[in-house]
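# Results of the structural survey
Chain by chain, the residues run as shown.
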Amino acid sequence: KQEVTQIPAALSVPEGENLVLNCSFTDSAIYNLQWFRQDPGKGLTSLLLIQSSQREQTSGRLNASLDKSSGRSTLYIAASQPGDSATYLCAGVRGTDKLIFGTGTRLQVFP
Amino acid sequence: EPEVTQTPSHQVTQMGQEVILRCVPISNHLYFYWYRQILGQKVEFLVSFYNNEISEKSEIFDDQFSVERPDGSNFTLKIRSTKLEDSAMYFCASSGGGYNEQFFGPGTRLTVL
């Protein structure tokens, strides 16, 4: 069965901290990995897509890495801000381009 | 910035009724998807659609579900006879190419009574 797991499930940190969110997947057929942000009751905002030929991708204060051999991806958030508070989802791309979502990490950044 | 839009934002229906959820993907995208998220659970893949046909569907996407691209801009999900367990947030997504970044709409919250 395809499984994508995220650790930790929840995280509460003071503003300014650097954070690492972890994503692991058991399916070696996962091709790419995409990170999303979800605010309560809202849709999914794409943050980064790491394609299988890449090892990492950066956007502003966000950096995501992908290690297919170990089945892991990490999302690094530098200098966290209260506006970063949301649930972060990772999703592996497999098959005919379907996303397999993880369980999510609920992040709270307090001032 | 181009975005995926969905209507309605919230749909309430009686069990057994048909519902149609509508999506307008990003205009130059070719790949379209539906996902759903039951409250408190993971986002789940339902179906992918390319070149006017279904590319892949999940076990959830049974005979009660269908998708259609009736014109050059809309992409719809129909549930023929809704069940209580169909209550969820339904997300439409689109991408410009296979294995490209998928962009999601804001979702339609479906409540089946």
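Described in the following lines is the structure provided in the data block. (Residues numbered from 1 in each chain as written. Chains lettered and ligands numbered in written order. Predicted model: local features only at pLDDT ≥ 70, side-chain atom pairs only at ≥ 80, totals over all residues. Heavy atoms only, no water.)

Between chain B and chain A, the contact holds 22 residues from the first and 24 residues from the second. Counting across the interface, chain B meets chain A through two salt bridges. Where chain B touches chain A, the interface holds five residue pairs in polar contact (both at pLDDT 80 or more). Of all the secondary structure elements, the ones that give two or more residues to the side of chain B that touches chain A are β4 (31-37), β5 (43-50), β6 (53-57) and β9 (88-95) of chain B. The dominant element in the side of chain B that touches chain A, judged by the number of residues it contributes, is β4(B), at four residues. Here the side of chain B that touches chain A is built from residues that sort into 10 nonpolar, nine polar and three charged. (Contact = heavy atoms within 4.5 Å. Salt bridge = Lys/Arg side-chain N within 4 Å of Asp/Glu carboxyl O. Polar contact = N/O pair within 3.5 Å; in protein donor to acceptor, adjacent residues only side chain to side chain. Helix = DSSP H or I, 4+ residues; strand = E, 2+ residues; numbered from the N terminus. Nonpolar A, V, L, I, M, F, W, Y, C, P; charged D, E, K, R; others polar.)

With that settled, consider the packing of aromatic side chains. This structure, assessed with the given rule, holds 13 aromatic pairs over all chains. Here Y31(B) and Y50(B) contribute two aromatic rings whose centre-to-centre distance is 4.3 Å and whose plane-to-plane angle is 10°, an arrangement assigned as stacked. Placement of Y31(B) in strand β4 and of Y50(B) in strand β5 is noted, with a sequence separation of 19 residues between them. Classification of Y31(B) by relative accessible area gives buried; the value is 19%. Ring centres 5.7 Å apart and planes at 70° place the aromatic pair Y35(B) and F45(B) in the edge-to-face group. With Y35(B) in strand β4 and F45(B) in strand β5, this pair connects stretches of sequence that are 10 residues apart. Grouping aromatic residues by their ring pairs yields a cluster made of F36(A), F101(A), Y33(B), Y35(B), F45(B), F91(B) and F104(B). (Phe/Tyr/Trp six-rings, centres within 6.5 Å; stacked < 30°, edge-to-face > 60°. Buried < 20%, exposed > 50% of the residue type's maximum accessible area, 1.4 Å probe, protein only.)

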